[in-house]
Amino acid sequence: MIEFRGAGQAEFTEHLDTVIGIYAAAMRPPADQITGRKAIMRNHGTYPYFQCYFAELRGESEAYPPKIVGFAYGFRGAPGQWWHDVVFRALENQAGREVADAWLGNAFELAEIHLHPDYQGKGIGRAMIATLCAGRRERSAVLSTHDRPTTARHLYASMGFTDLLSPFLFPGGYEQYAIVGRPLPL
């Protein structure tokens, strides 16, 4: 059985190697990007209103300790954070300051949502997002995802996330992303 368990910054950092393993299995990034991604994730844990949930496979007895098979985390976006600033400027340039502020001025940024491939396609990702966003006081939830017809892109659309910027290329990047958002609560 899969259960969700909240984790603060200290526990998130303690399990960072497990988190990176799940990220690598789910996303299959080039090996030379793992160290940088790990540093980014560690830094995210220090952001205001950081919140994380682990998806844990629970055994039927104490002989089988819980195993983390997925994770999702986010935080309140704020000026001075790289993703927030880059996306805010791009949205402001495209749609105006009022629109950028409406979406990003008080937003919960869903930074990472990943499940080990063995557990994908079972509704766990949807439940993790709903759990992560439940009770948030921000006005909106925003995230970036690859701008192609992936399972994740379909999931976000089915949960009411709409395109804010698409296609979007992060500075120094080469892959096209979509920046999506939806009002809270979900």
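For the structure, see preceding data.
Residues numbered from 1 in each chain as written. Predicted model: local features only at pLDDT ≥ 70, side-chain atom pairs only at ≥ 80, totals over all residues. Heavy atoms only, no water.

Engineer: Quick rundown of the nonpolar core? Include the residues and the values.
Structural biologist: Formed by 23 residues in total, the largest nonpolar core has its most connected members in L110, I113, I129, C133, L143, Y156 and F161. Contributing elements (two or more residues each) for this core: strand 2 (51-57), strand 3 (67-76), strand 4 (107-115), helix 6 (124-133), strand 5 (140-146), helix 7 (151-158) and strand 7 (177-183). Among the elements that line this core, the one with the most residues is helix 6, at five residues. If sequence neighbours within four positions are ignored, Y156 has contacts with I113, I129, L143, T145 and F161. With 17 residues, the next largest nonpolar core counts F88, L164, F170 and I179 among its residues. (Core = buried A, V, L, I, M, F, W, Y, C linked by side-chain atoms within 4.5 Å. Buried < 20%, exposed > 50% of the residue type's maximum accessible area, 1.4 Å probe, protein only. Helix = DSSP H or I, 4+ residues; strand = E, 2+ residues; numbered from the N terminus. Contact = heavy atoms within 4.5 Å.)

Engineer: Tell me about the environment of G77, and name the residues and values.
Structural biologist: On the secondary structure map, G77 appears in the loop between strand 3 and helix 4 (82-95). You can call G77 buried: its relative accessible area is 8%. Counting along the chain gives 64 residues from G77 to A141, while the straight-line C-alpha distance between them is 9.8 Å. Among all residues touching G77, those that are not within four sequence positions of it are H84, A107 and E109.

Engineer: Report on the sheet that holds strand 1 (residues 2-7), specifying residues and quantitative values.
Structural biologist: Adjacent strands of a sheet form backbone hydrogen bonds with each other and so pair up, either parallel or antiparallel. Strand order in the open sheet made by the seven strands is 1-2-3-4-5-7-6, with mixed pairing throughout. Strands with a single pairing partner mark the edges of an open sheet, and in this sheet they are strand 1 and strand 6 (162-168). Pairwise comparison of adjacent strand axes, ignoring direction, gives a mean angle of 20 degrees for this sheet. Pairing between strand 1 and strand 2: six bridges, direction antiparallel. Residue F4 lies in a different strand from strand 2, and its bridge partner there is A55. (Pairing = 2+ DSSP bridges. Axes fitted to C-alpha atoms, helices over the stretch in contact; angles between N-to-C directions.)

Engineer: How would you summarise unusual backbone geometry if you had to cite specific residues and measurements?
Structural biologist: Cis geometry marks the peptide bond from S166 to P167, where omega comes out at -5 degrees. Looking at where P167 falls in the secondary structure, it is placed in strand 6. Residue P185 is bonded to the preceding L184 through a cis peptide linkage, with omega at 0 degrees. Tracing the chain through its elements places P185 in the segment after strand 7. For R28, which is not glycine, the phi torsion reads 50 degrees and is therefore positive. Relative to the assigned elements, R28 resides in the loop between helix 2 (16-27) and helix 3 (34-44). Here Y49, not a glycine, exhibits a phi torsion of approximately 60 degrees, which is positive. The class for Y49 is exposed, based on a relative accessible area of 53%.

Engineer: Quick rundown of the pairing of strand 2? Include the residues and the values.
Structural biologist: With respect to burial, strand 2 is a largely interior element, six of its seven residues being buried. As judged from the seven bridges shared by strand 2 and strand 3, these two strands associate in the antiparallel manner. Residue Q51 lies in a different strand from strand 3, and its bridge partner there is G74.

Engineer: Please give an account of the pattern of salt bridges that cites residues and values.
Structural biologist: All told, the structure shown has eleven salt bridges when counted by the stated rule. Close ionic contact of R5 with E11 constitutes a salt bridge, the shortest N to O distance being 2.4 Å. Between E112 and R37 there is a salt bridge whose closest N-O contact spans 2.8 Å. With E112 in strand 4 and R37 in helix 3, the pair connects residues that are 75 residues apart, well separated along the chain. (Salt bridge = Lys/Arg side-chain N within 4 Å of Asp/Glu carboxyl O.)

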